[in-house]
Amino acid sequence: MEPPRRSPSPSSSQPSSSRNPPCERLNYVGIEAVLDQLKIKAMKMGFEFNVMVVGQSGLGKSTMVNTLFKMWKPTPPGPVEPTPQTLQLHSVNHVIEENGVKLKLTLIDTPGFGDQINNDKCWEPILAYINEQYERYLQEEILITRKRHISDTRVHCCVYFVPPTGHCLRPLDIEFLKRLCQTVNVVPVIARADSLTMEEREAFRRRIQQDLKTHCIDVYPQQCFDEDINDRILNSKIRERIPFAVVGADGEYLVNGKCVLGRKTKCGIIEVENMAHCEFLLLRELLICSHLQDLKDITHNVHYENYRVYRLNNSHLLPPGPGWVNLAPTPPATPGPSKVCRRQTHNNSTEEY
């Protein structure tokens with residue numbers, strides 16, 4: 001029988017063998033678990049995203065939105081009925097769930113922009129709708145007893161459809177984009193790009209980029225909001241391709257034994273997810289995969305903040321809304337003895353402020 005082995009005393013120090021790994025978790029606090037907490041909370045609450053589409057009638061705005069979020073209905077056999085024309089500004093809510101992630105999507109479709117004979121100030125209903133959503137959010141935010149979660153109906157992104165003329169931006173487009181970019185994130189796209197050849201497409205893109213630069217129209221992603229070198233590199237590549245040349249799909253088709261999204265024409269099937277045919281994938285990557293949260297952040301921190309500052313500064317001049325807190329500027333106080341505060345500096349002296 002072997003004698004019992006004596007365990008080393010706590011005070012005895014022995015060199016750690018190669019078989020015993022060092023204590024790697026001595027400096028571990030657990031801060032990285034915050035990411036898991038945020039993920040779990042976000043998965044429970046879901047996300048909100050509001051997209052507006054603006055453009056002339058017949059450019060496929062509704063079709064593009066249905067293709068973007070894959071919300072079209074299967075095409076029934078027989079003659080295909082044309083998509084009904086949007087006659088008034090309206091919003092539609094959808095709840096999309098993918099791999100456990102819920103997205104509350106609000107699509108704001110606008111009537112044909114610039115279809116009237118007299119297009120003077122035809123952008124006012126659209127700008128009024130955007131500001132109305134800012135006002136609703138502000139009304140909820142300044143209440144004395146606020147809701148725990150304020151429903152966000154603010155427009156996070158506006159996709160502006162440019163007609164494929166092949167020349168340049170129309171004066172109406174320029175005037176509207178000047179005003180729109182000051183209120184919301186604008187992503188311009190070349191609609192029905194399949195009506196242009198590849199050479200015409202590139203030439204048209206360069207002319208539009210030159211028009212935007214000449215008239216100081218800052219579309220998304222804005223260069224002044226690039227936070228670091230990685231953002232600058234990624235957004236520079238996007239800015240080189242804007243406006244994206246896109247085509248909407250009208251159904252699913254079988255091409256070379258593979259089911260694809262596309263549009264059937266006399267010349268064949270235009271695959272919307274094929275970069276050789278159009279740049280639909282770049283638009284979807286921008287709006288959903290890479291910049292969705294950034295669109296929401298700029299909306300809240302820049303566009304809504306500008307509206308909030310303007311609204312509060314002029315609240316005494318505007319009619320109060322429901323539940324509006326009186327934010328009129330207080331009358332100037334009567335002069336009296338000023339309060340002097342003292343603080344101690346690093347050299348033990350005191351200074352007044």
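Residues numbered from 1 in each chain as written. Predicted model: local features only at pLDDT ≥ 70, side-chain atom pairs only at ≥ 80, totals over all residues. Heavy atoms only, no water.

**Student:** Please set out the overall build of the chain residue by residue, giving values where relevant.
**Tutor:** The helix and strand inventory of the chain stands at 8 helices and 11 strands. In the chain, which comprises 353 residues, the proportion classed as buried is 36%. In the form shown here, the chain has an accessible surface area of approximately 23,400 Å², with 54% of it arising from carbon and sulfur atoms. (Helix = DSSP H or I, 4+ residues; strand = E, 2+ residues; numbered from the N terminus. Buried < 20%, exposed > 50% of the residue type's maximum accessible area, 1.4 Å probe, protein only. Areas by Shrake-Rupley, 256 points an atom, 1.4 Å probe, with all protein chains shown as cover.)

**Student:** Requested: an account of the pairing of strand β9 (residues 268–271), with residues and values cited.
**Tutor:** In terms of strand pairing, strand β8 (residues 258–265) meets β9 through 4 bridges, oriented antiparallel. Note that in β9 the partner of R263 across the bridge is I270. Counting the residues that bridge the hairpin from β8 to β9 gives 2 residues. (Pairing = 2+ DSSP bridges.)

**Student:** Outline the packing of helix α3 (residues 124–141) against helix α4 (residues 171–180), listing residues and values.
**Tutor:** In a pair of packed helices, the angle between the axes and the distance between the axes together describe the arrangement. α4 packs onto α3 with a crossing angle of 10° between their chain directions and a minimal axis gap of 11 Å. Taken together, α3 and α4 sit at an angle that is classed as roughly parallel. Seen from α3, the contacting residues are I126, L127 and I130; seen from α4, they are F176, R179 and L180. Grouping the amino acids of the contact of α3 with α4 by side-chain chemistry returns 5 nonpolar, no polar and 1 charged. (Axes fitted to C-alpha atoms, helices over the stretch in contact; angles between N-to-C directions. Parallel < 35°, antiparallel > 145°, perpendicular 65-115°, else oblique. Contact = heavy atoms within 4.5 Å. Nonpolar A, V, L, I, M, F, W, Y, C, P; charged D, E, K, R; others polar.)

**Student:** Please provide a residue-by-residue account of the sheet that holds strand β7 (residues 251–255), values included.
**Tutor:** The antiparallel open sheet is built from 3 strands, whose spatial order is β7-β8-β9. Bordering the open sheet on either side are β7 and β9, each of which pairs with just one other strand. Neighbouring strand axes in the sheet, compared pairwise and without regard to direction, differ in orientation by 65° on average.

**Student:** Go over the sheet that holds strand β3 (residues 101–109) with me, naming the residues and quoting the values.
**Tutor:** Judged by pairing direction, the sheet is mixed, and its 6 strands sit side by side in the order β2-β3-β1-β4-β5-β6 without closing on themselves. The sheet terminates laterally at β2 (90–98) and β6 (244–245), the two strands that pair on one side only. Here strand β4 (residues 157–162) pairs with strand β5 (residues 186–190) via 5 bridges, running parallel. Residue pairing for β5: F161 is matched across the bridge by V189. Each of β4, β5 and β6 is contacted by helix α5 (residues 198–214), which is oriented at about 150° to β5, the strand it contacts most.

**Student:** Just give me the short version of the packing of α3 against helix α8 (residues 292–313), but keep the residues and values in it.
**Tutor:** Where α3 contacts α8, the axes come no closer than 10 Å and their chain directions differ by 75°. Classified by the angle between their axes, α3 and α8 sit roughly perpendicular to one another. Residues N131, Y134, E135, Y137, L138, Q139 and E141 of α3 form the contact with α8, whose own contacting residues are T299, H300, H303, Y304, Y307, R308, R311 and L312. For the contact of α3 with α8, a count of residues per class yields 6 nonpolar, 5 polar and 4 charged.

**Student:** Report on the nonpolar core, specifying residues and quantitative values.
**Tutor:** By size, the foremost hydrophobic cluster in this structure holds 74 residues, and its most contacted members are M52, F113, Y160, F176, L180 and L283. In this structure, F176 is in contact with V54, F113, W123, I126, L127 and Y160, ignoring residues within four places of it in sequence. (Core = buried A, V, L, I, M, F, W, Y, C linked by side-chain atoms within 4.5 Å.)

**Student:** Before we move on, could you go through the confidence of the model for the chain and cite the residues and values that matter?
**Tutor:** With 77% of its residues at a pLDDT of at least 70, the chain reaches an overall mean of 81. Here residues 327–347 is modelled with pLDDT under 50, and outside its nearest four sequence neighbours on either side it reaches 20 contacts, counting other chains as well. (pLDDT = per-residue confidence, 0-100.)

**Student:** Before we move on, can you summarise the environment of A193 with the specific residues and values?
**Tutor:** You can see A193 is positioned in the loop between β5 and α5. Using a relative accessible area of 0% as the deciding quantity, one classes A193 as buried. It is 9.1 Å that separates the C-alpha atoms of A193 and E279, two residues lying 86 residues apart in sequence. If we skip the residues at most four places from it in the chain, A193 touches R201, A245, V246 and V247.

**Student:** Give me the lowdown on a nonpolar patch on the surface, citing residues and values where you can.
**Tutor:** Among the surface-exposed residues, V29, I31, V34, L35 and L38 lie close enough to one another that they form a single nonpolar patch of about 540 Å² accessible area. With respect to the secondary-structure elements, V34 resides in helix α1 (residues 33–45). On the accessibility criterion, V34 (40% relative accessible area) is partly exposed. (Patch = residues over 30% accessible without salt bridge, like charges linked within 9 Å, V, L, I, M, F, W, Y side chains within 5 Å. Salt bridge = Lys/Arg side-chain N within 4 Å of Asp/Glu carboxyl O.)

**Student:** Report on α5, specifying residues and quantitative values.
**Tutor:** The α-helix advances 3.6 residues per turn, and as a result positions three or four apart in sequence lie on the same side. A rise of 1.5 Å per residue sets the reference length of α5, with its 17 residues, at 24 Å; its end C-alpha atoms lie 24 Å apart and thus fit the reference within 8%. Within the sequence span of α5, burial applies to R201, F204, R205, I208, Q209, D211 and L212. Projected onto a plane normal to the axis of α5, the buried residues spread over an arc of 160° and lie on a single side. Those residues of α5 that are exposed and angled more than 90 degrees off the buried face are E199 and K213. Against the buried residues of α5 lie β4, α4, β5, α6 (229–241) and β6. After α5 finishes, the residue C216 shows a positive phi value of roughly 55°. (Expected span 1.5 Å × (residues − 1). Arc of directions from axis to C-beta.)

**Student:** Can you tell me about helix α2 (residues 61–68), naming the residues and giving the values?
**Tutor:** Most of α2 is tucked away: 6 of the 8 residues are buried. The inward-facing, buried residues of α2 abut β1 (47–55), β3, β4, β8 and α7 (280–290). Of the residues trailing α2, K70 is marked for its positive phi of about 55°.

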